[in-house]
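# Chain and residue survey
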Amino acid sequence: MNCGQCQGIEELFSQRYVAKELSRYRAKGPDRTTRMLIEAINEEDVDGLTLLDIGGGVGSIQHELFEAGVQEVTSVEASTAYLNAARAEAQVRGLAEHVSYHHGNFVDLAADIAPADIVTLDRVICCYHDMEKLVVLSAARARKLYGLVYPRDTWWMKIGLAFENLSFRLRRSPFRTYSHATKSVETILSSNGLKRRSYRQTLAWQVVVYSR
Ligand SMILES: C[S@@+](CC[C@H](N)C(=O)[O-])C[C@H]1O[C@@H](n2cnc3c(N)ncnc32)[C@H](O)[C@@H]1O
């Protein structure tokens, strides 16, 4: 992977960082907004469906949706440490043989990734500069449902993310966070045939499921 942000992802989501997240997931289950996304997807019958999870971190969505009946998963992850953690957890749960793992930038790999019934990007588009490509290419692979968690388009989130970016700059990290306009994301999705079917929010995040 040769983009600056991809190098930033590899540095930020280090073995140490990811090991902590994996133990937190093992102890407490998925984070709040991930749980909200899983619940929203589970309002549909997911039995026998396939999942493409992009930037799935330790794999919470993959593991929880397996429990709900999803049959096969494709995981595309830019961070080596996250990919290894998700695979290790799937092995512990006896699920690894049902997951195909791809390491890299989804935008570069998309042409080789097959469509799936459900596509999820949980707190991913805020970690990638070219939202348009990421959303267009991932939406094109969603046969039924498309689930997104991303920052709310509010002044407090813009200020928060600007402070985060200042701290990355001071640490000389190439990693940046991005606040993408909700309107742009929604326009891309509706012009790709996806309609909003559920919307939840917290102070910081919006959790949205679209269907075709
Ligand atoms: C903030 S983490 C979120 C991880 C997990 N989804 C969660 O919510 O706990 C962002 C994730 O997106 C991944 N990511 C960002 N841009 C990506 C891209 N273009 N292709 C694949 N993965 C990407 C990162 O590697 C990382 O796993």
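Read on for a plain summary of the structure. (Residues numbered from 1 in each chain as written. Predicted model: local features only at pLDDT ≥ 70, side-chain atom pairs only at ≥ 80, totals over all residues.)

## Some words on the environment of arginine 26
Tracing the backbone shows arginine 26 in helix 2 (residues 15-28). Its 11 C-beta neighbours within 10 Å are what place arginine 26 among the exposed residues. On a C-alpha basis, the gap between arginine 26 and glutamate 89 in space is 8.9 Å, while along the polypeptide they are 63 residues apart. (Helix = DSSP H or I, 4+ residues; strand = E, 2+ residues; numbered from the N terminus. Buried ≥ 20, exposed ≤ 12 C-beta atoms within 10 Å, placed from the backbone.)

## Brief notes about the sheet that holds strand 6 (residues 195-201)
With respect to topology, seven strands assemble into an open sheet ordered 3-2-1-4-5-7-6, the strand pairing being mixed. Where the open sheet ends on each side, the last strands, each with one partner, are strand 3 (99-103) and strand 6. Adjacent strand axes in the sheet meet at a mean angle of 15 degrees, parallel and antiparallel pairs treated alike. Sheet topology note: the strand 1 (residues 50-54)/strand 4 (residues 116-122) ladder contains four bridges and is parallel. (Pairing = 2+ DSSP bridges. Axes fitted to C-alpha atoms, helices over the stretch in contact; angles between N-to-C directions.)

## Quick notes on the nonpolar core
Within the largest apolar cluster, 57 residues are counted, with the highest numbers of intra-cluster contacts made by Ile41, Leu51, Leu65, Tyr82, Ile118, Ile125 and Tyr146. Apart from residues lying up to four places away in sequence, leucine 65 is in contact with Ile38, Ile41, Val46, Leu51 and Val70. (Core = buried A, V, L, I, M, F, W, Y, C linked by C-beta atoms within 7 Å. Contact = placed C-beta atoms within 7 Å.)

## Quick word on the site of the ligand
In the vicinity of the ligand, 21 residues are found, and the nearest of them are Gly55, Gly57, Ala78, Ser79 and Phe106. Contributions of two or more residues to the shell around the ligand are made by strand 2 (72-77) and helix 6 (106-109). Of the residues belonging to the shell around the ligand, the class tally is 12 nonpolar, six polar and three charged. (Near = placed C-beta within 6 Å. Nonpolar A, V, L, I, M, F, W, Y, C, P; charged D, E, K, R; others polar.)

## A closer look at the packing of helix 2 against helix 5 (residues 80-92)
For the pair helix 2 and helix 5, the least separation of the axes is 9 Å and the interaxial angle reads 35 degrees. Once helix 2 is placed against helix 5, the crossing between them reads as right-handed. Here helix 2 contributes Gln15, Val18 and Leu22 to the contact with helix 5, which in turn contributes Ala81, Tyr82, Ala85 and Glu89. Considered class by class, the residues forming the contact of helix 2 with helix 5 number five nonpolar, one polar and one charged. (Left-handed = near helix turned anticlockwise from the far one by under 90°.)

## Digging into the pairing of strand 2
Strand residues, when the strand is regular, have side chains that alternate between the two faces of the sheet. Within strand 2, five of the six residues are buried, which leaves it mostly tucked inside the rest of the structure. Looking at chain direction, strand 1 and strand 2 are connected through five bridges and run parallel. Bridge assignment links aspartate 53 to a residue of strand 2, and that residue is serine 75. A crossover links strand 1 with its parallel partner strand 2, the connecting element being helix 4 (residues 60-67), and its sense is right-handed. The pairing of strand 2 with strand 3 spans five bridges and is classified as parallel. Within strand 3, the residue paired with glutamate 77 across the bridge is histidine 103. As for the winding sense of the linkage, the β-α-β connection from strand 2 through helix 5 to strand 3 is right-handed. (Right-handed = clockwise from strand over helix to strand, strands pointing away.)

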